[in-house]
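Here are the chains, one letter per residue:
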Amino acid sequence: MNFRSLITYVFLVIFLCLVQILLLKNLALFGVAFCFIYLLAILSFPISMRGFPLILISFGIGLLIDVFYDTLGLHASAVTLLAFLRPYWLKAISPNGGYDDANIPTLPEMGIGWYISYTLPLVFAFSLMFFIADQWGTGGLFGVLNKSFFSSIFTVIMAIIVQLLFFKRRRGI
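The paragraphs below set out a description of the structure included in this document.

Parameters at a glance
- Residues numbered from 1 in each chain as written.
- Predicted model: local features only at pLDDT ≥ 70, side-chain atom pairs only at ≥ 80, totals over all residues.
- Heavy atoms only, no water.
- Helix = DSSP H or I, 4+ residues; strand = E, 2+ residues; numbered from the N terminus.
- Rg over C-alpha atoms; globule rule 2.2 N^0.38 Å.
- Buried < 20%, exposed > 50% of the residue type's maximum accessible area, 1.4 Å probe, protein only.
- Contact = heavy atoms within 4.5 Å.
- Axes fitted to C-alpha atoms, helices over the stretch in contact; angles between N-to-C directions.
- Parallel < 35°, antiparallel > 145°, perpendicular 65-115°, else oblique.
- Left-handed = near helix turned anticlockwise from the far one by under 90°.
- Nonpolar A, V, L, I, M, F, W, Y, C, P; charged D, E, K, R; others polar.
- 1 Å grid on protein atoms, 1.4 Å probe; cavity = no way out; pocket = protein on both sides within 12 Å on 5 of 7 lines; lining within 4 Å.
- Points joined across faces, edges and corners; volume = space filled by probe spheres on them.
- Expected span 1.5 Å × (residues − 1).
- Bend = angle between axes of the 7 residues up to and from the residue.

Here we look at the overall build of the protein chain
Part 1 of the reasoning: Secondary structure summary: the protein chain contains 7 helices and 2 strands in total.
Part 2 of the reasoning: Helices and strands appear in the protein chain in the N-to-C order α-β-β-α-α-α-α-α-α.
Part 3 of the reasoning: Computed over C-alpha atoms, the radius of gyration of the protein chain comes to 16 Å, within 12% of the 16 Å expected from 2.2 N^0.38 for 173 residues, which places it in the range of a compact globule.
Part 4 of the reasoning: Its C-alpha atoms put the protein chain at 55 × 30 × 30 Å along the principal axes.
Part 5 of the reasoning: The 173 residues of the protein chain split such that 43% are buried.
Part 6 of the reasoning: For the protein chain, the proportion of contacts with a sequence separation of at least 24, taken over those separated by at least 6, is 72%.

Things to note about the packing of helix α6 (residues 112–134) against helix α7 (residues 140–166)
Part 1 of the reasoning: Where α6 meets α7, the axes come as close as 8 Å, and the angle between the chain directions of the two elements is 140°. Taken together, the axis directions place α6 and α7 in an arrangement best described as oblique. The element α6 and its partner α7 pack so that their crossing is right-handed.
Part 2 of the reasoning: Counted by class, the contact of α6 with α7 contains 16 nonpolar, 7 polar and 1 charged residues.

Things to note about the layout of surface pockets
Part 1 of the reasoning: Of the voids in this model, the second largest pocket is the one considered here, and its volume is about 270 Å³.
Part 2 of the reasoning: I47, S48, M49, R50, G51, R86, P87, Y88, L90, K91 and Y99 are the residues that line the second largest pocket.
Part 3 of the reasoning: Looking at which element gives the most residues to the lining of the second largest pocket, the answer is helix α4 (residues 74–92), with 5 residues.
Part 4 of the reasoning: Residues that form the lining of the second largest pocket fall into these classes: 6 nonpolar, 2 polar and 3 charged.

Remarks on the side chain of Q163
Part 1 of the reasoning: Considering the arrangement of structural elements, one finds Q163 in helix α7.
Part 2 of the reasoning: A relative accessible area of 1% places Q163 in the buried class.
Part 3 of the reasoning: Residues in contact with Q163, not counting those within four places in the same chain, are L40, T106, L107, P108 and Y115.

Here we look at the packing of α4 against α6
Part 1 of the reasoning: At a closest axis distance of 9 Å, the pairing of α4 and α6 adopts a crossing angle of 150°. When the axis of α4 is compared with that of α6, the two are roughly antiparallel. Every pair of crossing elements has a handedness; the one defined by α4 and α6 is right-handed. The residues of α6 that touch α4, namely those facing L74, H75, S77, A78, V79, L81, L82, L85, R86, W89 and L90, are W114, S117, Y118, P121, L122, V123, A125, F126, M129, F130, A133 and D134.
Part 2 of the reasoning: Residues belonging to the contact of α4 with α6 are distributed by class as follows: 18 nonpolar, 3 polar and 2 charged.

Some details on α4
Residues that lie three or four places apart on an α-helix share one face, since the helix turns once every 3.6 residues.
Part 1 of the reasoning: Here α4 spans 27 Å end to end across 19 residues, near enough to the 27 Å set by a 1.5 Å rise per residue.
Part 2 of the reasoning: R86 marks the point of greatest bend in α4, at about 35°, and the proline P87 comes within the next four residues.
Part 3 of the reasoning: Looking at the buried residues of α4, the elements they touch are α2 (39–43), α3 (51–69) and α6.

Shown next, in the form of structure tokens:
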């Protein structure tokens, strides 16, 4: 990773965290679907990024969100699970020839089908962990599954919209 891409990722993380904290904190569609757009930053890190640094960065981002949400580690634990599962899921859905080291798992780079199969299960695992920890003993299984399912769909749709509007495709040779 060169210095320019490092600065780009730092600005992406800061921007998405600010959007999450300032705009999406109290947004819930029908009281069920929550948008966790800051996950886009973690899901957009390069495929070649090692697991341990990704987990540490994700934990830090989760703690930052927890500070502003007053959730006592819910985001940190759920996003750490997402970062832990990401390399295994990338390996499970890898194409026949494997990935290039320069690949970035974004919609413009990989295509809509691959991107949905990459993000939806990871965001669902995040949402499931988050809502199980949030509603332990009070929400019931149906409430947890309902919020996890619709929050995952809402988050992935918002991530696709953000990428279509703001991410640009790299020019290949």
